[in-house]
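Survey of secondary and tertiary structure
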Amino acid sequence: MSTRITVIGGGPGGYTAAFEAARAGAEVTLIEAARMGGACLNWGCIPTKAFKASADALETSRRLKEFGIAGECEAKADMPAIVARKERITDILRGGLEKTCSRLGINIIHGRGKVINAGLVRVRTNDGQDLEAAGDSIIIATGSTHLYLPSLSIDHKRIITSDDALQLDYIPKRMLIVGGGVIGSEFAFIFRSFGSEVTIVEGLDRILPLPSVDADLSKIMLREMKKKGIKCELCQTAVRAELSSNGVSIVLGPSPFVEKIPSSAQKEKTIEAEVVLVAVGRVPVTKGLGLEAAGVGTDQKGWIKVDERCRTSVPDIYAIGDVLGPSKIMLAHVAVMEGLVAAGNCLGMDKVMSYDVVPSAIFTSPEMASVGLTEAQARQQGLNLVCIQTQFRELGKAQAMGELAGLFKLVVDKDTDRLLGAHLAGAHVSDIIAEPTLAMSMRATGKDIAKTIHAHPTLAEGLFETARLLEDLS
Ligand code: NAD
C-alpha cells in the first residue's frame, strides 16, 4: 500500500509538498479552506506584481518625452480594470494548480482541517459536512495572516489590510500606510504611481528595517521615496484613529520601539487620510487546528516549532512555510523548499532544510534584492570583511533604459575572498539576485564572479564590475 499523506493548506509550501509526494507515488489529500495557491497567489506575491506592472506602465507613459516619443498621453489608473486584470492572472495560475492536482490524483477537500493525531485529520467542509482524512503523516502548511493593531481596528473600508487594497475600485486621494516593511513599501510605490498622496508611518528608525535588508538599501529606499513624493514618518506609531464621513484622522506619536526619538518625531501629530493601510507584520494561522490537543509544540507567539527536517514535536507531523514564523524566514520560495524537504521525509528519505543562502526581493521602484549577510550582520559576527559597491548609473544598459537609481554591494570575507552577501537596488535586481545566490550556494569567491564573462550590455554586468574592484584591493 502506498504512503498516505495529508497536507493542510494549499499555498506554495503545501501544494509543492503535495505535488512532490504524489509524483513519488503517495496517496495525497490536500485540505484548503479558501483558494488554492494561498496568500502568495491570491493576496500576496502575484496580485501585487500584477498591480506593480500596471503602476510601471503608468510611470512609463508619464516619461514618454524623455524617450523621444512625441504626443500627449493622458493615461491614468482605471482601478476596476487593474483589479480585473489581477483577477484574470490569478485565475489562470489557480486553474493551472487545480489541473496539476487532478492530473496527479490529489484528493482536494475544500474545508478546515483539525489535527487529531498524526494519522487523522477531521475536516469541516465549506459546505458544512464533517469528513475524516486518515493517513501516515501530516504536513501543516496553514501560513500566516495580518497582525492587527489595537489602536487601528480594521473596518475593511477606511482602515484596511493589503487584501482589501488589492480590491479597491477607486484611487484614494490620501493613503496612510502604517508599517514601512515589505508590504508597506511595495504598496506605497504602487498607489503613489496610481495617483494617491502617500505617507508611511514606520515605528523603527529606517524604512525596510528588516535584519536581511542592508542599511545602504534602506537609505536608497528613503531617497527614492522622497523623490517620488512619498512621505515617511519614521520612529512613530499610530496612537489612535477616528473615522469621519470622508476618511480617517490618525494621531501619530513617538514610537515605543526606538530609544532615541528625533525631535521631529517627539510630538503627537494628526494626519488625515481617505484610507489607512495597516501592514505591521503577520501572525500564524493555527486557530482551530487542534495543535495543543495533538501535542504539536509552538513558541510563545504561536509559531510552530520544527527541527531541520521540518518535524514538529509529534512524530509524523511536519510543518512548513509561514506558520513556522520569522525565525525560519517567511517567504514563498522558502516554503517551497521546506515542502520538498517535508514531503521527502514523509516518504522515508532523510532531507534537511538549510537556511544558509536565501535570496529575497522587494518589488519597490527601484527593486531591492538581497542574499546572505548584510554588512552589519557580518561585522557583528566579527568577520574580517571588505564591502565594495558600484552605482547602477555606471551601467550602459541602465542609462539606455533610463533606470539610474540603485547600487550593487558585495560583502566579501577578506581572509578567504568568499562571498558573504550581495545587496542590490535597481531595475530587475529581483532577477539578478539569482547569480550571487548560486555563487554563494556553490561557495564561490568574489574573484570567481570577476573571472566570469557577463553578457554586455546587461544589468548583471554590475556584479562583474563590482567584483572586479576586489582585484584592485588585493
Ligand atoms: P514586515 O515585518 O516586513 O513589516 C512590518 C513593519 O511594520 C516593520 O517595519 C515594523 O517595524 C513596522 N511596525 C510594526 N508595528 C508598527 C506600529 N505599531 N507602527 C508603525 N510601524 C510598525 O511585515 P509586512 O510588511 O506586514 O509583511 C508581512 C510578510 O509578508 C513578511 O513576512 C514579508 O516577508 C512577506 N512579504 C514578502 C514580500 C516579498 O518577498 N517581496 C512582499 C510582501 C510581503
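Fair warning: this is a prediction, and the values are worked out from it, not measured in the lab.

1. Notes on the overall build of the protein
Across its full length, the protein holds 15 helices and 22 strands. Against the compact-globule benchmark of 23 Å for 474 residues, the protein has a radius of gyration of 24 Å, which places it among compact chains. Considering the protein as a whole, with its 474 residues, one finds that 50% of them fall into the buried category. Here the analysis covers contacts within the protein between residues at least 6 apart in sequence; of these, 61% occur between residues at least 24 apart. Taken as a whole, the protein presents about 22,100 Å² of accessible surface, with 52% of it coming from carbon and sulfur.

2. Remarks on the packing of aromatic side chains
Applying the stated rule across the entire model yields six aromatic pairs. Ring plane angle 15° and centroid distance 6.2 Å describe the contact between Phe187 and Phe191, whose orientation is recorded as stacked. In this pair, Phe187 and Phe191 are both assigned in helix H6 (residues 182-194), four residues apart and thus about one turn of the helix distant. Side by side, Phe187 and Phe191 carry an identical accessibility label, which is buried.

3. Quick look at the pairing of strand S11 (residues 231-234)
Bridge count for strand S10 (residues 197-202) against S11 is four bridges, and the pairing is parallel. Among the inter-strand pairings, Ile200 is bridged to a residue of S11, identified as Cys232. Each parallel crossover has a hand, and for S10 linked through helix H7 (residues 215-227) to S11 it is right-handed.

4. Describing the domain arrangement of the protein
Under the domain assignment, the protein is made up of domain 1 (4-146 + 283-346), domain 2 (159-280) and domain 3 (366-473). Measuring from the centre of the C-alpha atoms in domain 1 to the corresponding centre in domain 2 gives 27 Å. Taken together, the contact pairs 19 residues of domain 1 with 16 residues of domain 2. Summed over both sides, the interface between domain 1 and domain 2 buries roughly 1,500 Å², with carbon and sulfur atoms accounting for 65% of that surface. Summed over the shared surface of domain 1 and domain 2, the result is one salt bridge. Salt-bridge contacts for Lys49 lead to Glu186; the nearest nitrogen and oxygen are separated by 3.3 Å. In this structure, the connection of domain 1 to domain 2 is made through six residue pairs in polar contact (both at pLDDT 80 or more). Put simply, the parts of the chain that give the side of domain 1 that touches domain 2 at least two residues each are helix H3 (45-62) and helix H4 (79-103).

5. Side note on the nonpolar core
Inside soluble globular proteins, nonpolar side chains tend to come together where they are buried. Judged by nonpolar contacts, the single largest core of 40 residues is most densely connected at Phe51, Ile177, Phe191, Phe194 and Met368. Elements with a contribution of two residues or more to this core: H3, H4, strand S9 (174-178), H6, S10, H7 and strand S15 (275-278). The contacts of Phe191, once residues within four sequence positions are left out, are Phe51, Met79, Ala165, Leu168, Pro172, Met175, Ser196 and Val198. Among the nonpolar cores identified, the runner-up in size contains 28 residues, and Val7, Tyr15, Ala26 and Ala342 belong to it.

6. Here's the deal with the site of the ligand
Ile183, Glu186, Glu202, Gly281 and Ala361 are the nearest of the 25 residues found near the ligand. Between an oxygen atom of the ligand and a main-chain N or O atom of Gly281, the distance comes to 3.0 Å. Here Ala361 contributes a backbone N or O atom positioned 2.7 Å from a nitrogen atom of the ligand. Computed on the free molecule, the ligand has an accessible area of 850 Å², of which 81% lies beneath the protein chains in the complex. It is H6 that contributes the most residues to the shell around the ligand, three residues altogether. For the shell around the ligand, the class distribution of residues is 15 nonpolar, seven polar and three charged.

7. What to know about H7
Between its first and last C-alpha atoms H7 spans 19 Å; for 13 residues at 1.5 Å apiece the expected length is 18 Å, and the two agree. Listed as buried for H7 are Asp216, Leu217, Ser218, Ile220, Met221, Glu224 and Met225. The N-cap residue of H7 is Asp214: its side-chain oxygen and the backbone nitrogen of Asp216 are 3.0 Å apart. In the segment just after H7, Gly229 is the residue with positive phi, at about 85°.

8. Quick notes on the pattern of salt bridges
Scanning the model with the defined rule gives 23 salt bridges in all. With its nearest N and O atoms 2.9 Å apart, the salt bridge here joins Asp56 to Lys52. Linking Asp56 with Lys52, this pair stays in helix H3, spanning four residues, or about one helical turn. A relative accessible area of 29% places Asp56 in the partly exposed class. In this structure, the salt-bridge partner of Glu375 is Lys409, at a minimum N-O distance of 2.6 Å. Of this pair, Glu375 sits in helix H10 (residues 375-380) while Lys409 sits in strand S21 (residues 407-413), and the two are 34 residues apart along the sequence. Residue Lys409 is classed as buried on the basis of its relative accessible area, which comes to 1%.

9. Some remarks on the packing of H3 against H6
The description of two packed helices rests on the angle between their axes and on the distance between the axes. Remark: H3 packs on H6, axes separated minimally by 9 Å, with the N-to-C direction vectors making an angle of 40°. Considering the angle they form, H3 stands oblique to H6. The two elements H3 and H6 cross, and the hand of that crossing is left-handed. Contacts between H3 and H6 involve Thr48, Lys49, Phe51, Lys52, Ser54, Ala55, Leu58, Glu59 and Arg62 from the former and Glu186, Phe187, Ile190, Phe191, Ser193 and Phe194 from the latter. A per-class count over the contact of H3 with H6 returns seven nonpolar, three polar and five charged.

10. Quick look at the sheet that holds strand S3 (residues 107-117)
A sheet is described by the order of its strands in space; here seven strands give the open sequence S5-S4-S3-S2-S1-S6-S17, paired in mixed fashion. With partners counted over all chains shown, the strands left at the sheet margins are strand S5 (130-134) and strand S17 (317-319), one partner each. The average angle at which neighbouring strand axes cross in this sheet is 35°, direction not considered. Pairing analysis gives six bridges linking S3 to strand S4 (residues 120-125), with the strands arranged antiparallel. In the strand pairing of S4, Val115 is matched with Val121. Its contacts with the sheet put helix H9 (residues 332-346) on strand S1 (4-8), strand S6 (137-140) and S17, and the angle it makes with S6 is roughly 175°.

Criteria and cut-off values
Residues numbered from 1 in each chain as written. Predicted model: local features only at pLDDT ≥ 70, side-chain atom pairs only at ≥ 80, totals over all residues. Heavy atoms only, no water. Helix = DSSP H or I, 4+ residues; strand = E, 2+ residues; numbered from the N terminus. Rg over C-alpha atoms; globule rule 2.2 N^0.38 Å. Buried < 20%, exposed > 50% of the residue type's maximum accessible area, 1.4 Å probe, protein only. Contact = heavy atoms within 4.5 Å. Areas by Shrake-Rupley, 256 points an atom, 1.4 Å probe, with all protein chains shown as cover. Phe/Tyr/Trp six-rings, centres within 6.5 Å; stacked < 30°, edge-to-face > 60°. Pairing = 2+ DSSP bridges. Right-handed = clockwise from strand over helix to strand, strands pointing away. Domains from an automatic or database assignment. Buried area = accessible area lost by both parts, 1.4 Å probe. Salt bridge = Lys/Arg side-chain N within 4 Å of Asp/Glu carboxyl O. Polar contact = N/O pair within 3.5 Å; in protein donor to acceptor, adjacent residues only side chain to side chain. Core = buried A, V, L, I, M, F, W, Y, C linked by side-chain atoms within 4.5 Å. Near = heavy atom within 4 Å. Nonpolar A, V, L, I, M, F, W, Y, C, P; charged D, E, K, R; others polar. Expected span 1.5 Å × (residues − 1). Axes fitted to C-alpha atoms, helices over the stretch in contact; angles between N-to-C directions. Parallel < 35°, antiparallel > 145°, perpendicular 65-115°, else oblique. Left-handed = near helix turned anticlockwise from the far one by under 90°.

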